[in-house]
Amino acid sequence: MEILENYSLASWNTFGVDQRARYFATVRDPEEFLALARRFERPLILGGGSNILITRDLDVLVIKNEMKGISVIGEDAGFARVRVNGGENWHQFVQWAVARGWGGVENLSLIPGTVGAAPMQNIGAYGVEIKDVVLHVEALDLETGSISVFQKEECRFGYRHSIFKEAGYKNRFFILSVTLQLDKHPQVNTRYADVEKKLLEQHIEHPGIMDVHRAVIEIRQNKLPDPARLGNAGSFFKNPVLTEKNYQKLQSIKPDAPHYTFQPGLVKVPAGWLIDQAGWRGRKAGRVGCYEKQALVIVNLGGATGAEIRDFALTVQEDVRQKFGIQLEPEINIW
Ligand code: FAD
Ligand code: NAP
């Protein structure tokens, strides 16, 4: 296994920022990973680099996860249980499932990155989260070298959250594989307006999972910037969740503020709408900007450093706080 030194990460993060890693290695099985973990303390594990902002050269070992493999470990008339190794590409796995007619992940089509990173923030889109299909997650504990199995309830999944983001767990567990249960007789979820609209446009009255898969791909290709052309890591901030009282305060400034019930007594407000209302959609500062079709996506207009992107995001965050009294929290992992 080759360990490269002073290695540029420009091709390994979707923001395309050119920071360096002191050491860099690619792993294809748990033994390779363990061998490295014994030699280097607290490595940074990298999947597709699509949810990370690197703001400095990293004086650590960066390990690129290339552990591949999809296996059906059990099935009956209703469901298939599938174990997917963490280095598999998420979207390719979705394609694999949809091609078999197995449902549950079609709304999560075209999310970049790896299967191993997906439980980290409980990836979600169009009303579905990975937690809806996860059975368990297998992870290697860097402190003890042992493998732990986290059942779904133990993953403490929440809105863009899991145990693997919590203090004491973050950067300690290397997710080796995810085992999911897919539905052989799936019901589709088309409750997000964009999906419903796209299917209506196509005159599809009784959509199946392939229809939803294709609709989501088309919507995303039209609305989101392709990181290969314009560096970005998707939504920079999470949608804020407000108490009803705080939502009423927002309404006193913006009576038409959109909101969705999160839990009884709590509402979710689209962060992209707040950023747009603060005047940032399509606005640029130097080599960084807010994407014109979705203000929540911060883009590298070419050659920006990670620090420039972070500073731009801080400016947007502070402006939203001043205008609406709402503190946005980054969704992205900042190094
Ligand atoms: P990375 O960026 O490589 O890593 C993210 C974090 O996970 C880092 O802290 C890293 O250290 C850690 N990590 C990575 N792999 C492992 C592992 N095997 N074990 C332990 N820790 C690990 N997200 C959504 O939820 N929904 C969306 O709809 C969505 N759309 C997006 C659209 C675009 C255009 C882009 C660029 C991003 C989008 N994202 C979305 C964000 C991102 O794609 C997901 O969070 C994805 O799961 C990140 O995977 P990754 O392999 O690239 O992770
Ligand atoms: P959108 O459809 O324009 O909606 C804006 C926001 O409103 C979304 O963030 C969504 O919350 C919320 N929303 C819309 N309809 C809803 C409903 N029926 N019920 C509950 N909440 C609703 O969003 P978009 O930017 O085009 O993204 C579409 C989907 O892809 C969203 O689910 C979004 O999370 C996901 N996405 C995620 C990323 C990322 O990097 N995390 C990047 C691009 C897209 P939720 O975000 O909670 O769904």
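We now turn to the structure provided with this report. (Residues numbered from 1 in each chain as written. Chains lettered and ligands numbered in written order. Predicted model: local features only at pLDDT ≥ 70, side-chain atom pairs only at ≥ 80, totals over all residues. Heavy atoms only, no water.)

A word on the site of ligand 2
Then, number 1: Every one of the 19 residues lining ligand 2 counts as a neighbour, but Arg 160, Tyr 192, Lys 223, Lys 268 and Gln 294 are closest to it.
Then, number 2: Measuring from an oxygen atom of ligand 2, one finds a backbone N or O atom of Tyr 126 at 3.0 Å.
Then, number 3: Here a nitrogen atom of ligand 2 and a side-chain polar atom of Arg 191 are 3.3 Å apart.
Then, number 4: Considered on its own, ligand 2 offers 790 Å² of accessible surface; in the complex 83% of this is hidden by protein.
Then, number 5: Going through the elements one at a time, β8 (124–125) and α4 (209–223) are the ones with two or more residues in the shell around ligand 2.
Then, number 6: For the shell around ligand 2, the class distribution of residues is 7 nonpolar, 5 polar and 7 charged. (Near = heavy atom within 4 Å. Polar contact = N/O pair within 3.5 Å; in protein donor to acceptor, adjacent residues only side chain to side chain. Areas by Shrake-Rupley, 256 points an atom, 1.4 Å probe, with all protein chains shown as cover. Helix = DSSP H or I, 4+ residues; strand = E, 2+ residues; numbered from the N terminus. Nonpolar A, V, L, I, M, F, W, Y, C, P; charged D, E, K, R; others polar.)

Focus on the site of ligand 1
Then, number 1: The immediate surroundings of ligand 1 are formed by 33 residues, with Ile 45, Gly 47, Ser 50, Thr 114 and Arg 220 found nearest.
Then, number 2: Between ligand 1 and Gly 48, the relevant distance is 2.7 Å, taken from an oxygen atom to a main-chain nitrogen or oxygen of the residue.
Then, number 3: Taking Gly 49, its main chain carries an N or O atom lying 2.9 Å from an oxygen atom of ligand 1.
Then, number 4: Protein chains bury 95% of the 980 Å² of accessible surface belonging to ligand 1 in isolation.
Then, number 5: Put simply, the parts of the chain that give the shell around ligand 1 at least two residues each are β3 (44–46), β8 and β12 (173–183).

Details of the packing of helix α3 (residues 193–201) against α4
How two helices sit against one another is set out by the angle between their axes and by the gap between those axes.
Then, number 1: Their axes nearest at 9 Å, the elements α3 and α4 cross at an angle of 110°. Considering their axes alone, α3 and α4 lie roughly perpendicular with respect to each other. Residues Asp 194, Val 195, Lys 198 and Leu 199 of α3 pack against Asp 211, Ala 215, Val 216, Glu 218, Ile 219, Asn 222 and Lys 223 of α4.
Then, number 2: In the contact of α3 with α4, the residues fall into 5 nonpolar, 1 polar and 5 charged. (Axes fitted to C-alpha atoms, helices over the stretch in contact; angles between N-to-C directions. Parallel < 35°, antiparallel > 145°, perpendicular 65-115°, else oblique. Contact = heavy atoms within 4.5 Å.)

Remarks on the nonpolar core
Then, number 1: Grouped together as the largest cluster of nonpolar side chains are 43 residues, with contacts concentrated most on Phe 236, Phe 237, Leu 250, Leu 274, Ile 275, Ile 298 and Ile 309.
Then, number 2: Those elements that provide at least two residues to this core are β2 (20–27), β3, β4 (52–53), β5 (58–65), α5 (244–253), α6 (271–277), β17 (288–290) and α7 (306–324).
Then, number 3: Broken down by element, the residue count for this core peaks at 6 residues, all from α7.
Then, number 4: Aside from chain neighbours lying at most four places away, what touches Leu 274 is Pro 240, Leu 250, Val 269, Val 320, Phe 324, Ile 326 and Leu 328.
Then, number 5: Ile 123, Phe 157, Val 195 and Ile 219 belong to the second largest nonpolar core, which has 41 residues in total. (Core = buried A, V, L, I, M, F, W, Y, C linked by side-chain atoms within 4.5 Å. Buried < 20%, exposed > 50% of the residue type's maximum accessible area, 1.4 Å probe, protein only.)

Notes on the sheet that holds β3
Then, number 1: Here we have 4 strands laid out as an open sheet, ordered β1-β2-β5-β3, and mixed in their pairing. The open sheet is flanked by β1 (4–8) and β3, the only strands paired with a single partner. Averaged over all pairs of adjacent strands, the angle between strand axes in this sheet comes to 45°, irrespective of strand direction.
Then, number 2: Alignment of β2 against β5, held across 6 bridges, turns out to be parallel. Across the sheet, Val 27 pairs through a bridge with Asn 65, a residue of β5. (Pairing = 2+ DSSP bridges.)

Things to note about unusual backbone geometry
Then, number 1: Within the chain, Arg 42 stands out as a residue other than glycine whose phi angle is a positive 40°.
Then, number 2: Tracing the backbone shows Arg 42 in the loop between α1 (30–39) and β3.
Then, number 3: By relative accessible area, which is 40% here, Arg 42 ends up partly exposed.

So, α4
In an α-helix, one full turn covers 3.6 residues, which means residues spaced three or four apart are oriented alike.
Then, number 1: The end-to-end C-alpha separation of α4 is 21 Å, in line with the 21 Å expected for 15 residues at 1.5 Å each.
Then, number 2: Among all positions in α4, only Ile 209, Val 212, His 213, Ala 215, Val 216, Ile 217, Ile 219 and Arg 220 are buried.
Then, number 3: Contact partners of the buried residues in α4: α2 (90–99), β8 and α3. (Expected span 1.5 Å × (residues − 1).)

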